[in-house]
Amino acid sequence: MHPDRPRTMPPILELRQLAKRYGGVEALRGVDLSIESGQVLAICGENGAGKSTLIKVVSGAHARSAGSMCLHGREVSWNSPHDALAHGVTTIYQDLALAPRLSVWQNIFIGSEIRRRILPGCHVLDKPAMRAGARDYLQRLHQRITDVDRAVEGFSGGQRQAIAIARALRWEARLVIMDEPTAALGVAETAEVLALIHHLKAQGVAVLLISHSMEDVVRVADRVVILKAGRVAAQGPAADLSATSLAQAVMTGIWPSGPH
């Protein structure tokens, strides 16, 4: 390669002919897609299209049956969501998997607590460091949650999403999968969650967004992939779409042409 020529960075995630079978049922059939750093890729499709299966395979919950999955240009294979998390891939499901009675900082650092040594072979939790770290992660998301000792159950749906995302940042996630993040949220909370996605994008984090809300998709996504019967039926830039044209494409599996 010429020394003055810029290197082309590989996608954060690339799927090639990904397939998943459950007995005689083909849930995914030859799926190809990729997502770049700082990109929001929306996966849309009707119920049964394969969205949930795709999440489970990429997140490490289920093993693929065929095809390849590459992270930063290298093929990967993991046996559990913990393996995926160790590679910088985390999934935020609708229930957020937060412990409602624990504090904000405890939720952000759960499973990755900071400890300090007080005697040889004796360590204790460094609560001041975790409180400060929690505030820092939340500030990176432009959140004004200052009382990190408050129980998570006392916060709004949008704020809880922020806490779940802050936990992903604690794990140094480079790819965040968000499953229906605005489901059952009001208008104000939905706007807050979409702003969080923009903040992740601005920090170079890739977001794989699964959503039934066509309005949300066209507001935050860079690209859209439409699944139908386990296959990629259509894909293209979100800038070409309106909520109405995207809904039509999800139903037909045909990418819209002409003005939208």
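On a predicted model such as this, the values are computed, not experimentally measured, just so you know.

1. Looking at the packing of aromatic side chains
Consideration 1: In this structure the tally under the stated criterion is 1 aromatic pair.
Consideration 2: The interplanar angle of 55° and the centroid separation of 6.2 Å between the aromatic rings of Phe109 and Tyr137 together place this pair among those described as tilted. Of the two residues, Phe109 sits in helix α3 (residues 104-109) while Tyr137 sits in helix α4 (residues 127-140), which places them 28 residues apart along the sequence. No difference in accessibility class separates Phe109 from Tyr137, as the two residues are buried.
Consideration 3: The cationic tip of Arg150 hangs over the ring face of Phe155; the distance from NZ or CZ to the ring centre is 4.4 Å.

2. What about the nonpolar core?
Consideration 1: Counting residues in hydrophobic clusters, the biggest one holds 50 residues, and the most contacted among them are Val104, Ile108, Ile163, Val224 and Leu246.
Consideration 2: If you tally residues by element for this core, the top one is helix α5 (residues 157-170), at 7 residues.
Consideration 3: Once residues within four sequence positions are removed from consideration, Ile108 is found in contact with Ala134, Tyr137, Leu138, Ile163, Ala166, Arg167 and Arg170.
Consideration 4: Formed by 28 residues, the second largest nonpolar core is a distinct cluster that contains Ile12, Leu15, Leu54 and Val57.

3. Some words on the layout of surface pockets
Consideration 1: Considered as a void within the structure, the largest pocket measures approximately 340 Å³ in volume.
Consideration 2: Partitioning the lining of the largest pocket into residue classes produces 12 nonpolar, 4 polar and 2 charged.
Consideration 3: Approximately 200 Å³ is the volume attributed to the second largest pocket.
Consideration 4: Taken together, 14 residues line the second largest pocket, and the ones lying closest to its centre are Gln94, Asp95, Leu96, Gly157 and Arg160.
Consideration 5: Classifying every residue of the lining of the second largest pocket gives 8 nonpolar, 3 polar and 3 charged.

4. Considering the pairing of strand β6 (residues 89-92)
Consideration 1: Burial of the side chains of β6 extends over both faces: Val89 and Thr91 are buried on one face and Thr90 and Ile92 on the other.
Consideration 2: Examined bridge by bridge, β6 and strand β9 (residues 175-179) share 4 bridges and lie parallel to one another. Within β9, the residue paired with Ile92 across the bridge is Met178.

5. Considerations on the packing of α5 against helix α6 (residues 187-202)
Consideration 1: Between α5 and α6, whose axes approach to 8 Å, the crossing angle comes to 20°. Here α5 lies roughly parallel to α6, going by the angle between them. The crossing of α5 and α6 is right-handed. The segment α5 lies against α6, with Gly157, Gly158, Gln159, Gln161, Ala162, Ile165 and Leu169 engaging Glu189, Glu192, Val193, Leu196 and Leu200.

6. Quick word on the confidence of the model for the protein
Consideration 1: Mean pLDDT for the protein: 92, with 96% of residues reaching 70 or above.
Consideration 2: Within the model, the stretch residues 1-6 combines pLDDT values under 50 with 1 contact to residues more than four positions away or in other chains.

7. What to know about the pattern of salt bridges
Consideration 1: Enumeration according to the criterion identifies 5 salt bridges in this entry.
Consideration 2: One salt bridge connects Lys228 with Glu46, and the closest N-O pair in it is separated by 3.4 Å. In this pair, Lys228 is assigned in strand β11 (residues 223-228) and Glu46 in the loop between β3 (40-44) and α1 (51-58), connecting sequence segments 182 residues apart.
Consideration 3: Accessibility expressed as a relative area gives 28% for Lys228, which makes it partly exposed.

8. Notes on the side chain of Ser112
Consideration 1: Examined against the element boundaries, Ser112 turns out to sit in the loop between α3 and β7 (115-119).
Consideration 2: A relative accessible area of 11% means that Ser112 is categorised as buried.
Consideration 3: If sequence neighbours within four positions are ignored, Ser112 has contacts with Arg170 and Trp171.

The rules behind the values
Starting from 1, residues in each chain are numbered consecutively following that chain's sequence as written. Whole-chain, interface and lining totals are the exception, using all residues; otherwise, since this is a predicted model, local features are given only for residues with pLDDT of at least 70 and side-chain atom pairs are given and counted only at 80 or more. The basis for every side-chain value is the complete set of heavy atoms in the structure, and neither hydrogens nor water enter the calculation. The criterion for an aromatic pair is that two Phe, Tyr or Trp rings (for Trp, the six-membered ring) have centres within 6.5 Å, with stacked assigned to planes under 30 degrees apart, edge-to-face to planes over 60 apart and tilted to the rest. Here a strand is any run of E in DSSP of at least two residues, a helix any run of H or I of at least four, and the numbering for each starts at the N terminus. Classification of residues uses two cut-offs on accessible area relative to the type maximum, computed with a 1.4 Å probe and protein chains only: under 20% is buried, over 50% is exposed, and between them is partly exposed. Charge-over-ring contacts are defined here by two conditions on Lys NZ or Arg CZ: a distance within 6 Å of the ring centre and an angle within 35 degrees of the ring normal. We define the nonpolar core as a collection of buried residues of types Ala, Val, Leu, Ile, Met, Phe, Trp, Tyr and Cys that are connected through side-chain atoms lying within 4.5 Å of one another. Every residue pair with non-hydrogen atoms within 4.5 Å of one another is taken to be in contact. A pocket here means an open set of points on a 1 Å grid, computed over the protein atoms alone, that has protein on both sides within 12 Å along at least five of seven lines. A cavity is instead a set of points where a 1.4 Å probe fits but cannot get out; residues with an atom within 4 Å of a point line either one. Grid points are joined across faces, edges and corners, and a volume is the space filled by probe spheres set on the points. By the convention adopted, Pro, Cys, Tyr, Trp, Phe, Met, Ile, Leu, Val and Ala count as nonpolar, Lys, Arg, Asp and Glu as charged, and the other residues, Gly among them, as polar. At least two DSSP bridges between two strands are required for those strands to pair. To define axes, lines are fitted to C-alpha atoms, for helices over the stretch in contact only, and angles between the resulting N-to-C directions are given on a 0 to 180 degree scale. Should an angle lie under 35 degrees it is considered roughly parallel, over 145 roughly antiparallel, and from 65 to 115 roughly perpendicular; all remaining angles are considered oblique. Two helices cross in a left-handed way if the nearer one is turned anticlockwise from the farther one by less than a right angle. They cross in a right-handed way if the turn is clockwise. Confidence scores here are pLDDT values: one per residue, from the predictor, ranging 0 to 100. Salt bridge, as used here: a side-chain nitrogen of Lys or Arg that lies within 4 Å of a carboxyl oxygen of Asp or Glu.

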